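# Remarks on the overall topology
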Amino acid sequence: MRKVAIIGLGQTPVREHWESNLRDLGVTALRDAMDDAGVDTVDGVCVGNMLSGALSEQEHLGSLIVDYAGLDGVEGMKIEAACGSGAAAIRMAVKAVGSGLMDTVGVVGVEKLTEYSGKFSTAALATAADADYETTMGLSFVGINALLMRRYLYEYKYDKNDFSIFPINAHKNSIHNPNAMFRYEISEAQYAKSKHIAEPINLLDSSPIADGAAAVIVCAQENISQFKGKPISILACEVGTDTLALDNREDPLWLKGVERSVKKAYYLADVKPKDIDFFEVHDAFSIITALSLEASGFAERGEAIKFADKIGIGIKGGLPLTTGGGLKGRGHPVGATGVYQVVEAAKQLRGEVAKEVQIENNNIAMAQNIGGSGATVITTILKRIV
Amino acid sequence: MRKVAIIGLGQTPVREHWESNLRDLGVTALRDAMDDAGVDTVDGVCVGNMLSGALSEQEHLGSLIVDYAGLDGVEGMKIEAACGSGAAAIRMAVKAVGSGLMDTVGVVGVEKLTEYSGKFSTAALATAADADYETTMGLSFVGINALLMRRYLYEYKYDKNDFSIFPINAHKNSIHNPNAMFRYEISEAQYAKSKHIAEPINLLDSSPIADGAAAVIVCAQENISQFKGKPISILACEVGTDTLALDNREDPLWLKGVERSVKKAYYLADVKPKDIDFFEVHDAFSIITALSLEASGFAERGEAIKFADKIGIGIKGGLPLTTGGGLKGRGHPVGATGVYQVVEAAKQLRGEVAKEVQIENNNIAMAQNIGGSGATVITTILKRIV
Amino acid sequence: MDIPRYWRLKDQRYRLQGKKCLDCGNLSFPPRLVCPKCKSRNYEKYFFIGKGTVYSHTTIYQAPDRFDHIAPYSVGLIDLEEGVRITAQFTDVPAEELKIGMKVEMVIRQIYEDGPKGPILYGYKFRPVISV
Amino acid sequence: MDIPRYWRLKDQRYRLQGKKCLDCGNLSFPPRLVCPKCKSRNYEKYFFIGKGTVYSHTTIYQAPDRFDHIAPYSVGLIDLEEGVRITAQFTDVPAEELKIGMKVEMVIRQIYEDGPKGPILYGYKFRPVISV
Ligand SMILES: [Zn+2]
Ligand SMILES: [Zn+2]
């Protein structure tokens, strides 16, 4: 397979975009990414989205986005892998360009979650889990993650407040991201008092639902000189899966999907965890950050919080996490999130983020997008092209 | 890109499968295709599906199918392109194998439309069209096709009953397909008396909603000797798109998506319409068969019915259509249909269909899967490997 | 009860607000952020007058859930005078009198009620032009 | 009102019917067509007894639409005696008394009502084992 690169970046702010529909959000991000790359057409468009059918009564987003982006006739398709839909769409673009069938592909992650009331969105998000055996039992998506957190607290004897390190760090970074939804700091005291959503998960453990779209333009690395965008190399974009239902896993606290995904990604990229300069982790819930750090090979089992504390996860720490605010601070427009993560990582590598959050001398970034409770995991490793 | 082939076929009957859920249908077809190929694992699975979220409250089908198929850890993703989702999934598999990233990929098209009442399914199917400007006006998916048929009758001065040639032929063939839902003949008199669904479209113009799953195993053609299945070469699997909404097209009676898709497919396959031995056309409605024959280059504009009458579309005709019964006779489980079409075409080329419908000396087949009112079109050209 | 959508589409539904490309003059309905002709993102609002002719029509007997109680009803494609085609229901005309080429004009009518407690959606429908 | 699904799942919901692999003896709940251990498609029905221990639990305050009126309620993962883990609601026990490792047993209770006119879904819930 030939090497692929990212040559253009686009994103809308993450917000409650009542004034914009799916097509406007998607088209804005895609056209911005095309302008950044300096192209006026692409060979294909991959759209990552989870809930357009349930919440906007609109399927067939592939054709809709290419049509409204002024790309009449271009191939467009929607890829769905729950909250992992965004990175799944990037994966499809990598295959399309890698195969030589296409030279330049646009990827758009787009989601509108605020079209209906919260209860309705909560039900829609639960379609990421097993409809017949998890969701019909009244288990929400937050609830699934709460089951993991409760067991983790029990096994490893943490105090729940120890988890505050992750959302506090995310919010500290999101202040400097103009596209983030929550641009304020939070404190340990606020975390401790935060109201329960699904015990032991509280509001400040949980990434907020939101609307947004992000886009990247993927090209063959051999062609980068044809574009005006600053290129970033995609060393790997690899998928691992696990059982859809949490209860079907022998060891729920070990995310096999993460392990499988990173093993392939590290191998293809020829890197080790210690080579990663910063990590856009899928912090949909604080517990997922912990489990991801462990299964990705950064921390020992049960040691993620101690690891974070010791090595430092801030901008000047040993492993900066969620430098753009993460899902927690930026907001979590589910099918768009995986693309936002890669856009943020690429902007860091390009040296284009606010100086307060710019990591110096960075070279290799990792972004990890997780669908469901770890049933689909896509790990992307990016490298600066000198 | 390296050449790809189909090495395994599987399908469930098309029925109202009240006793089976999505996962059971999908797993049955996939495992049958794997058995046919003689493989016990694959490198990835592409799932074509449109409405699992709306009608089964279940997204994340990629992981669900690989999990329940006993393929723990294998990459699985859902591709959605409305009624074109099935062939879109095949297209993704072709890219994955063509790129060299994967050697063997399973494709499953699966849909369950009979979980709710018909009115609910009608609303869900309309999400293939423009939610804000077509569907909210009360236009059903049948209605969109009725607008095309009315204009066609007006422009080309046909009698509506002239269209009966297509469904009569489909039903004649479906009798011999054990997986078809409607295994009986229909007459011109029955067609003329058939009740309106959206005038001028009547019940016998319309393919019935149904449940079902079909699967193919795609491999690199250089590897075919490793498998037990009888291989069929994929010469092309190409996509063309058009505006999502019918009203946005300057000339609605000319399906530009079809034209764009077949032009690429003919070019890649290096064939002309006259080289096609039989055609699995997307006969969701009789009018679509006519428009597809014209935009695919078989018939002149406005001449599809005369062409069909003259050349013969039966098994012994000049261009046999819908040899397995088509969407009309076999049934139309939307996201599965594109895979059923390719399975049927491959079985014909293998010489494995009932002798009454087996075309002699066939060599090159075309299957065309259409999403929405022609906004996504995927044309697949298959060839016997001697 | 997707209230944001009701609110967002009000200028389209009540006033046929589309867009006009400031670079090539192309008119769009629905509004588009990118001109389909010249790819410009440079646009202004444009309000269509709401007069046109019938390009095609159908009468729907089996309707989606939300419209089931009003079936049969007629929907069509209408060529607006400004050269843009739109999809709309017909009103004040029996189905059998509809004809391709018929002159029609926009009126505001109830489109549907979103459940017994939900909001009522109003918007454009088209009726034959009444000769005076 | 997805009646086919209610009907299809009744043996699982009322009787914990899973499957047993005839080739390797592996037990599955939910039922599976392919054995996750040995990939065999050779299976027989297996009914779980419905006794087990709590692996984890949560109390849900913000619930999906359908369950909103009963919130807060508790859901957990239960390790059945036969070595299979399942997801279920708890009943007959206050949230604060739930503990990991607690012995529980299956009972049939109402899970939800599908709207005022819809069918009522019954199925398994788990309660603490009552010592005699
Ligand atoms: Zn223009
Ligand atoms: Zn077994």
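The sections below set out a description of the structure shown in this document. Every chain begins its residue count from 1, and numbering advances along the sequence as written. As they are written, the chains are lettered A onward and the ligands numbered 1 onward, keeping that order. Per-residue local features are limited, in this predicted model, to residues with pLDDT of at least 70; the limit for side-chain atom pairs, both in listing and counting, is 80 or more; totals at the level of whole chains, interfaces and linings are taken over all residues. Hydrogen atoms and water are omitted, and side-chain values are computed over all heavy atoms in the structure.

### Quick word on the overall build of chain C
- What counts as a helix is a DSSP run of H or I of at least four residues, what counts as a strand is a run of E of at least two, and both are numbered from the N terminus. What chain C contains, in helices and strands, is two helices and eight strands.
- N-terminal to C-terminal, the α/β element order of chain C is α-α-β-β-β-β-β-β-β-β.
- Each principal axis of the C-alpha atoms in chain C carries an extent, and together these give about 45 × 40 × 30 Å.
- Of all 132 residues assigned to chain C, the portion counted as buried reaches 52%.
- When the accessible area of chain C is evaluated, it comes to approximately 6100 Å², of which 53% is carbon and sulfur surface.
- Side-chain charges in chain C split into 21 positive and 15 negative, and the spacing between the mean points of these groups amounts to 7 Å. Burial status follows relative accessibility: with a 1.4 Å probe on protein chains alone, a residue under 20% of its type maximum counts as buried, one over 50% as exposed, and anything between as partly exposed. Accessibility throughout is a Shrake-Rupley quantity obtained with a 1.4 Å probe, and a residue counts as covered only by protein chains that appear here. Two residue types count as positive, namely Lys and Arg, and two as negative, namely Asp and Glu; His and chain ends fall outside the count. Here the site of a charge means NZ on Lys, CZ on Arg, CG on Asp, or CD on Glu.

### Thoughts on the nonpolar core
- Residues grouped as a nonpolar core are buried Ala, Val, Leu, Ile, Met, Phe, Trp, Tyr and Cys residues, joined through side-chain atoms within 4.5 Å. By size, the foremost hydrophobic cluster in this structure holds 98 residues, and its most contacted members are Phe163(A) and Phe126(D).
- Element by element, the count of residues in this core is highest for helix 6 (residues 141–156) of chain A, at nine residues.
- Those residues in contact with Phe163(A), other than ones at most four positions away along the chain, are Met149(A), Tyr152(A), Leu153(A), Tyr191(A), Asp205(A), Ser286(A), Ile287(A), Ala290(A) and Ile305(A).
- Ala367(A), Leu9(B), Ala365(B) and Leu382(B) belong to the second largest nonpolar core, which has 93 residues in total. Should any heavy atoms of two residues lie within 4.5 Å, those residues are counted as being in contact.

### Here we look at the sheet that holds strand 3 (residues 43–47) of chain D
All names here are of chain D.
- Any two strands with at least two DSSP bridges between them are considered paired. The sheet built from three strands is open, its strands ordered 2-1-3 with antiparallel pairing. The open sheet has two free edges, formed respectively by strand 2 (27–28) and strand 3, since each of these has just one partner strand.
- As judged from the two bridges shared by strand 1 (residues 17–21) and strand 2, these two strands associate in the antiparallel manner. For Lys20, the partnering residue across the bridge sits in strand 2 and is Leu27.

### Some details on the environment of Val357(B)
Residue and element names in this part refer to chain B.
- Mapped onto the elements, Val357 comes out in the loop between helix 13 (334–350) and strand 10 (364–371).
- A relative accessible area of 4% places Val357 in the buried class.
- Residue contacts for Val357: discarding those within four places in its chain leaves Asn173, His176, Ile315, Thr323 and Gln348.

### A word on the side chain of Gln358(B)
Residue and element names in this part refer to chain B.
- Its location among the elements puts Gln358 in the loop between helix 13 and strand 10.
- In protein, a polar contact means a hydrogen-donor-capable atom and an acceptor-capable atom, both N or O and within 3.5 Å, with residues adjacent in sequence counting only if both atoms are side-chain atoms; elsewhere, any N or O pair within 3.5 Å suffices. From its side chain, Gln358 meets the backbone nitrogen of Val353 in a polar contact 3.2 Å long.
- Contacts of Gln358, omitting those with residues within four sequence positions, involve Ile315, Lys347, Gln348, Gly351, Glu352 and Val353.

### What to know about the interface of chain A and chain B
- With 57 residues of chain A at the contact, the number on the chain B side is 58 residues.
- With both sides pooled, the region where chain A packs onto chain B buries about 4700 Å², and carbon together with sulfur makes up 53% of that total.
- A side-chain nitrogen of Lys or Arg and a carboxyl oxygen of Asp or Glu constitute a salt bridge if their distance falls within 4 Å. Inspection of the region where chain A meets chain B yields eight salt bridges.
- A salt bridge links Arg260(A) to Asp72(B), with the shortest nitrogen-to-oxygen separation between them at 3.2 Å.
- Where chain A touches chain B, the interface holds 34 residue pairs in polar contact (both at pLDDT 80 or more).
- In terms of residue class, the side of chain A that touches chain B is built from 25 nonpolar, 16 polar and 16 charged.
- The pairing of strand 3 (residues 75–80) of chain A with strand 3 (residues 75–80) of chain B spans three bridges and is antiparallel. Bridge pairing links Glu80(A) to Lys78(B) in strand 3 of chain B. Put simply, buried area is how much 1.4 Å-probe accessible surface two parts lose in total, over both of them, once they are put together. Residues are grouped as follows: Ala, Val, Leu, Ile, Met, Phe, Trp, Tyr, Cys and Pro are nonpolar; Asp, Glu, Lys and Arg are charged; every other residue, Gly included, is polar.

### Considerations on helix 1 (residues 22–37) of chain A
Residue and element names in this part refer to chain A.
- A helix is expected to span 1.5 Å multiplied by its residue count minus one. For helix 1, spanning 16 residues, the distance from its first C-alpha to its last is 23 Å, which sits close to the expected 22 Å at 1.5 Å a residue.
- Counting buried residues along helix 1, 12 of its 16 residues qualify, which places the element largely inside the surrounding structure.
- Along helix 1, the positions that sit buried rather than exposed are Leu22, Arg23, Asp24, Leu25, Gly26, Val27, Ala29, Leu30, Arg31, Ala33, Met34 and Ala37.
- Its buried side turned inward, helix 1 meets strand 1 (4–11), strand 2 (44–48), helix 2 (52–56), helix 3 (61–68), strand 4 (104–111) and strand 7 (212–220).

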